[in-house]
Amino acid sequence: MLPVQVNRLTVQEAGDRYVELVRAKTVTGALSPATAEVYARDVATFVRLAGPARVLDDLTGEDVDAVLLAFARKPDERRRNGQGKDTAKGTGVGTGVVTGQSAASQARFRRSVSALFRHATSAGWVHLDPMAASSVRARERGGLRPERRALTREQAEGLIEAAGSPAAPAAEAAGSGAPRRRRADQRTEVRDALVVLLLTTLGPRVSELVRANVEDFYTNDGVRYWRIFGKGGRTRDVPLPDAVASALDAYLGVRAGGDGEKALLLSWRGRRLARGDVQAVIDRVQRQVDPGRRRAVTPHGLRHTTATHLLADGTDMDAVRRVLGHSDLSTLGRYRDDLPGELEVAMGSHPLLRRRRGRAGRDDQAGPDA
């Protein structure tokens, strides 16, 4: 039997062909555009770290391990705030030092590289998949998280209250110089309030939030809905709480984009907000929260907050699944965090003992001669 003929593509050529195939899957709905771009970004990083001119079939398990380690050590620029300080969880917070990639990012990158080599094996670009000989894995965190993602009820309420009662925007410091007055068309407090309310109460993915258009919000039988276009081409219609619907109407009343701009969330220049802009909005509102109720949080952390508090309040699990846009109930486990004192409250009002407590109360009221 003749050996399999391998097409000796360079890493760059293989990466380009694979990304083209991935993006083509968005046309059929097999992948969402956001997921395809994540794959494309990871593959571009792999090409750069592995060496664009190297032949893909020449890469060994050790080469792949070197790439995975290089990625793990690579600073995550998304963790910088506007002043260049690290705002991520864990080591280096507020120190100006940008840490490496999180375990979740490393695991995602490995999955992207694995998918590339699976396709390369089936397409005849490599003899053997080097991922089988790779030994580098992201360190999984065991036990409790060093810092929970979900905000407590008090912290979440503080964030919502700050969004609804923004600080007076008449003057704003410009670096170390004198305060400057913002123009009326640079006022973004109403938009920021809507962003915080949507993230905290509905828990959309940040990609779903920035892709939202004005036409995606509609009214049916007096209830406002948001038609969310999620992963894999799936859509879900989520009703807005009254406070969120009011915030939406307030924002649409001052939105500067005009009728020609479809995007819901616009910068003061009239452009669609980017993913990175959403974190800046949260940080800006957080600065107005009382320090005792303030904790740094990401958009994904607010998604955890939504799931955690809906489930803690006894909301049906399938309803929470539909709000978050998951296809499987089992996924909810990753989005629910423990709340301080929740176990004590649950056992203090056990559902199987409520009738017994009620009967005991009636017996007490009956008096000693009953």
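Residues numbered from 1 in each chain as written. Predicted model: local features only at pLDDT ≥ 70, side-chain atom pairs only at ≥ 80, totals over all residues. Heavy atoms only, no water.

Visitor: Even after reading the chapter, I still don't get the overall build of the chain, so can you show me in this structure?
Guide: If you tally the helices and strands in the chain, you get 13 helices and five strands. For the chain, buried positions account for 39% of its 370 residues. For the chain, the exposed surface amounts to about 21,200 Å²; the carbon and sulfur share of it is 52%. (Helix = DSSP H or I, 4+ residues; strand = E, 2+ residues; numbered from the N terminus. Buried < 20%, exposed > 50% of the residue type's maximum accessible area, 1.4 Å probe, protein only. Areas by Shrake-Rupley, 256 points an atom, 1.4 Å probe, with all protein chains shown as cover.)

Visitor: Explanation requested: the sheet that holds strand β3 (residues 217-220) in the structure shown.
Guide: Sheets are built from strands paired through backbone hydrogen bonds, the pairs being either parallel or antiparallel. Across the sheet, which stays open at both edges, the three strands sit in the order β3-β4-β5 with antiparallel pairing between neighbours. A single partner strand is all that each edge strand has here, and the edge strands are β3 and β5 (235-239). Strand-to-strand twist across the sheet, computed as the mean angle between neighbouring axes with direction ignored, equals 35 degrees. In the sheet, strand β4 (residues 223-229) pairs with β5 via five bridges, with the strands oriented antiparallel. Opposite Trp226, over in β5, you have Val238 as the bridge partner. (Pairing = 2+ DSSP bridges. Axes fitted to C-alpha atoms, helices over the stretch in contact; angles between N-to-C directions.)

Visitor: When you look at unusual backbone geometry in this model, what are you seeing that I'm missing?
Guide: Phi is mostly negative for residues that are not glycine, and the peptide bonds are mostly trans. Its identity is not glycine, yet Asp221 carries a phi of approximately 55 degrees, on the positive side. Note that Asp221 resides in the loop between β3 and β4.

Visitor: Explain the packing of helix α2 (residues 33-50) against helix α3 (residues 61-73) here, please?
Guide: A packed helix pair is summarised by two numbers, namely the angle formed by the two axes and the spacing between the axes. Two elements in contact, α2 and α3, have axes whose closest approach is 10 Å; the angle formed by their N-to-C orientations is 115 degrees. Between α2 and α3, the angle falls in the class roughly perpendicular. Here α2 runs over α3; the crossing is right-handed. Residues Thr45, Phe46, Leu49 and Ala50 of α2 pack against Val67, Ala70 and Phe71 of α3. Partitioning the contact of α2 with α3 into residue classes produces six nonpolar, one polar and no charged. (Parallel < 35°, antiparallel > 145°, perpendicular 65-115°, else oblique. Left-handed = near helix turned anticlockwise from the far one by under 90°. Contact = heavy atoms within 4.5 Å. Nonpolar A, V, L, I, M, F, W, Y, C, P; charged D, E, K, R; others polar.)

Visitor: Could you clarify how one ought to interpret the pairing of β4 in this entry?
Guide: Two faces, one strand: in a regular strand the side chains alternate between the faces of the sheet. Alternating positions in β4 separate cleanly, Arg224, Trp226 and Ile228 being buried on one face and Val223, Tyr225, Arg227 and Phe229 remaining unburied on the opposite face. The pairing of β3 with β4 spans four bridges and is antiparallel. Bridge assignment links Phe217 to a residue of β4, and that residue is Trp226. Where β3 hands over to β4, the hairpin turn is made up of two residues, of which Asp221 adopts a positive phi near 55 degrees. Between the end of β4 and the start of β5, which pair antiparallel, lie five residues, with Gly232 showing a positive phi angle near 65 degrees.

Visitor: Honestly, the packing of helix α10 (residues 299-312) against helix α11 (residues 317-324) in this entry has me stumped. Any pointers?
Guide: Axis separation between α10 and α11 bottoms out at 10 Å; the angle between their running directions is 165 degrees. On the basis of the axis angle, α10 is roughly antiparallel to α11. The element α10 and its partner α11 pack so that their crossing is right-handed. When α10 is examined against α11, the residues Arg303, Thr306, Ala307, Leu310 and Leu311 are found in contact with a partner set consisting of Met317, Val320 and Leu324. Its residues assigned to classes, the contact of α10 with α11 shows six nonpolar, one polar and one charged.

Visitor: Can you help me understand the nonpolar core in this one?
Guide: As a rule of thumb, nonpolar side chains are buried together in soluble globular proteins. Core analysis: the largest hydrophobic core is formed by 40 residues, its most contacted members being Trp226 and Leu240. If you list the elements that add at least two residues to this core, you get α5 (153-164), α6 (189-202), α7 (206-211), β4, α8 (242-254) and α9 (275-286). In terms of residue count, α6 provides more of this core than any other element does, eight residues in total. Judged by nonpolar contacts, the second largest core, of 29 residues, contains Val19, Val126, Met131 and Val136. (Core = buried A, V, L, I, M, F, W, Y, C linked by side-chain atoms within 4.5 Å.)

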